[in-house]
Amino acid sequence: MKPAAFKYIAAQSLEHALTLKAEYGDEAKFLAGGQSLVPAMNLRVAQPGVLVDLNPITGLDFVGLRINEGLGIEDWGLTTIPNPQSLILHIGAMTRYRTLERSAEIAAQCPLLHETMPHVAHPQIRNRGTLGGNLAHADPASELPVVMLVLNAQFKAQSVRGERWIAARDFFTTIFTTALAADEMLTEIAIPLSTDSDAGRTRTCFMEIARRRGDYAMMGVATSITLNAAGVCTNAKLGYLNAGDTPILATQAAQTLIGQVIGDDHIRAAAAIAHDEIQPPGNIHASVAFQRHLAGVLTRRAIKEILEFRF
Amino acid sequence: MKDLHTITTTVNGKTYTREAESRMLLSDFIRHELGLTGTHVGCEYGVCGACTILYDGHPTRSCLTLAVQANNHTIETVEGLTTDPNKLHPLQQSFQDAHGLQCGYCTPGILMTMKAFLAENPNPSETEVREALSGNLCRCTGYQHIVDAILRMKDEG
Ligand SMILES: Cc1cc2nc3c(=O)[nH]c(=O)nc-3n(C[C@H](O)[C@H](O)[C@H](O)COP(=O)(O)OP(=O)(O)OC[C@H]3O[C@@H](n4cnc5c(N)ncnc54)[C@H](O)[C@@H]3O)c2cc1C
Ligand code: FES
Ligand code: FES
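The rules behind the values
- Numbering of residues starts from 1 in each chain and follows the order in which that chain's sequence is written.
- Ligands are numbered from 1 and chains lettered from A, in the order in which they are written.
- Given that the model is predicted, a residue must reach a pLDDT of at least 70 before its local features are reported, and side-chain atom pairs must reach 80 or more before they are shown or counted; all residues, however, enter totals for whole chains, interfaces and linings.
- Water and hydrogen atoms play no part in the side-chain values, which are based on all heavy atoms of the structure.
- Any two residues whose heavy atoms approach within 4.5 Å are treated as being in contact.
- Using a 1.4 Å probe, buried area is obtained as the accessible area two parts lose upon being combined, added over both of them.
- A pairing counts as a salt bridge when a side-chain nitrogen of Lys or Arg comes within 4 Å of a carboxyl oxygen of Asp or Glu.
- Only DSSP runs of H or I reaching four residues or more are called helices, and only runs of E reaching two or more are called strands; each is numbered from the N terminus.
- How far a helix is expected to stretch is found by multiplying one less than its residue total by 1.5 Å.
- Think of it in three bands: with a 1.4 Å probe and only protein chains considered, a residue is buried below 20% of the maximum accessible area for its type, exposed above 50%, and partly exposed in between.
- Aromatic pairing here means that ring centres of Phe, Tyr or Trp (its six-membered ring) are within 6.5 Å. Orientation follows from the plane angle: under 30 degrees is stacked, over 60 is edge-to-face, and everything else is tilted.
- A residue's pLDDT is the confidence the predictor assigns to it, expressed on a 0 to 100 scale.
- Here an axis means a line fitted to C-alpha atoms, over the contact stretch when the element is a helix, while the angle between two N-to-C directions is reported on a 0 to 180 degree scale.
- Handedness of a crossing follows from how the near helix is turned relative to the far one, being left-handed for an anticlockwise turn of less than a right angle and right-handed for a clockwise one.
- When residues are grouped by polarity, Ala, Val, Leu, Ile, Met, Phe, Trp, Tyr, Cys and Pro land in nonpolar, Asp, Glu, Lys and Arg in charged, and all others, Gly among them, in polar.

1. What to know about the interface of chain B and chain A
Then comes step 1: Taken together, the contact between chain B and chain A spans 29 residues of the former and 29 residues of the latter.
Then comes step 2: Between chain B and chain A the total buried area reaches about 2,500 Å² when both faces are included, carbon and sulfur atoms providing 52% of it.
Then comes step 3: One can count 4 salt bridges joining chain B with chain A.
Then comes step 4: The salt bridge involving E44 of chain B is made with K2 of chain A; its shortest N-O contact spans 2.5 Å.
Then comes step 5: Those elements that provide at least two residues to the side of chain B that touches chain A are β3 (52–55), β4 (58–61), α3 (107–120) and α4 (126–132) of chain B.
Then comes step 6: Considering every element that reaches the side of chain B that touches chain A, the biggest residue donor is β4 of chain B, with 4 residues.

Below, the structure written as structure tokens:
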């Protein structure tokens, strides 16, 4: 239960970390919160030759709102927004869960993320775990990748070669695997925020069922529904954790809601389709059949919760 | 070849400088290098909470932290709760009064978790206490008396 030997390097800056990763490639791993990497190293499932510690770097830990002037703007501060229609929430990769769960901006502007945070692990883990580390770890059983998928988040990947933005739907390629290249670091997460307008109002909900608060859930759903002024559903997203090799969107299930004034029949139909559409792996805590059952129940509950209490 | 680092860290108000390998966990550093064996080790992969210490004031798994990461940081362990061997910290006293421990293996991690929790949350509900305890396993008490011990802290201010 002790890590194998490795070389430890405390990165002094983002450039330093990227240079080291370019030099060592797959032999090196970034150390963020260490809440997935260190257990894996203790169990010797992971035996990196070099550990590049991102914790000493300043400037990768921020939460801020910006107007959408195209991604890649250097101003990370909180600004007063004259036109709230195109707000983007920017979060630095090294922002810890404890900051996210206590952020007033996130509570006000991104209720889905705010509602999800207390479900992610235990308080002690949330004191260290980072959003970037979680997403780079790409555990399909985690709450945050599926929330990012439902929120249409964009991820900034940086390397000595430059930077690029990757959409959440392209980022998670399979279990514990992302679209990041061996020399790239995830440095920033950008979430487009929805604001109420005549065209539509969007409301969200996160629900999961775990044996214990803070444990990895047996099943969980992140849901987003948009209604127009006439009450017709113009957009719906149903995202599931622990339901496949990546976070999963049940697009066929969501399709039964779109274009409808959603009633009980639509909700039942969506839940039944989601039950079959997802591909849960099953484990000792919950069989595949039980996971599917939970997905159906949570789908119904989440849609009802949104329609009855969140508009 | 050993990857050695010089670590200067403040533990319970005292500054230590030691050399350690990068692969040494902070839990082992605290126990074996500093001799502070009040911090317990149960699982070494983050699930049990016995090794919880305060890292810059925040409850943290010392088994998921490298000793080198304590360099220039502040650590508090259960030994730091009280300096007088004849007088318990109020939280420790509350655990004794409410029978909040049996074998005591989980207790140091719970005390360090709850010290920070109560500082941020001086008047918690039972539900909040139970949520705050979710990351600490206890094989003896069934948790009821632990929850009681923490709730008693409300009355005693
Ligand atoms: C007891 C326990 C319970 C938990 N329960 C849950 C739970 O219920 N839900 C949940 O979602 N998680 C849970 N976790 C995991 C936790 O959320 C982790 O913190 C998270 O998955 C990883 O984040 P980290 O910052 O700790 O990353 P690390 O562990 O430091 O890194 C994880 C991986 O990502 C890589 N990496 C880190 N940062 C970057 C970056 N910026 N760019 C590129 N690669 C990077 C690392 O090299 C490593 O491979 C639990 C952990 C424990 C110990
Ligand atoms: S020993 Fe660290 S959590 Fe169990
Ligand atoms: S008192 Fe024995 S494990 Fe908690």
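There's plenty left to go through after this.
2. Some points on α3 of chain B
All names here are of chain B.
Then comes step 1: In this model α3 runs 20 Å from its N-terminal to its C-terminal C-alpha over 14 residues, within 8% of the 20 Å that 1.5 Å per residue would give.
Then comes step 2: Counted residue by residue, α3 has 11 buried out of 14 residues, so it is predominantly covered.
Then comes step 3: Along α3, the residues that are buried comprise T107, P108, G109, I110, L111, M112, T113, M114, A116, F117 and L118.

3. Overview of the packing of aromatic side chains
Think of a pair of aromatic rings as described by two things: how far the centres are apart, and how the planes are tilted against each other in angle.
Residue and element names in this part refer to chain A.
Then comes step 1: Tallied over the full model, the rule gives 3 aromatic pairs over all chains.
Then comes step 2: For the ring pair F155 and F172, a centre distance of 5.9 Å and an interplane angle of 80° mean the geometry is edge-to-face. Taken as a pair, F155 in strand β6 (residues 154–159) and F172 in strand β8 (residues 172–174) lie far apart in primary sequence, 17 residues in all. Comparing F155 with F172, the two get one shared label, buried.

4. Points about the confidence of the model for chain B
Then comes step 1: Summarising the model, chain B shows a mean pLDDT of 96, and 98% of its residues fall at 70 or more.
Then comes step 2: Scoring of the predicted complex yields 0.96 for pTM and 0.96 for ipTM.

5. Side note on unusual backbone geometry
If a residue is not glycine, its phi is most likely negative; likewise, a peptide bond is most likely trans.
Then comes step 1: Phi angles above zero are rare outside glycine, and R44 of chain A is one such case at about 65°.
Then comes step 2: Inspection of the secondary structure puts R44 of chain A in the loop between α2 (37–42) and β3 (50–53).

6. A short note on the packing of helix α11 (residues 264–277) of chain A against helix α12 (residues 288–310) of chain A
All names here are of chain A.
Then comes step 1: Put simply, α11 and α12 touch, their axes get as near as 8 Å, and they point 145° apart. For the pair α11 and α12, the crossing hand works out as right-handed. Contacts from D264, I267, R268, A270, A271, A274, H275 and D276 in α11 reach R292, H293, G296, T299, R300, I303, K304 and L307 in α12.
Then comes step 2: Split into classes, the residues belonging to the contact of α11 with α12 amount to 6 nonpolar, 4 polar and 6 charged.

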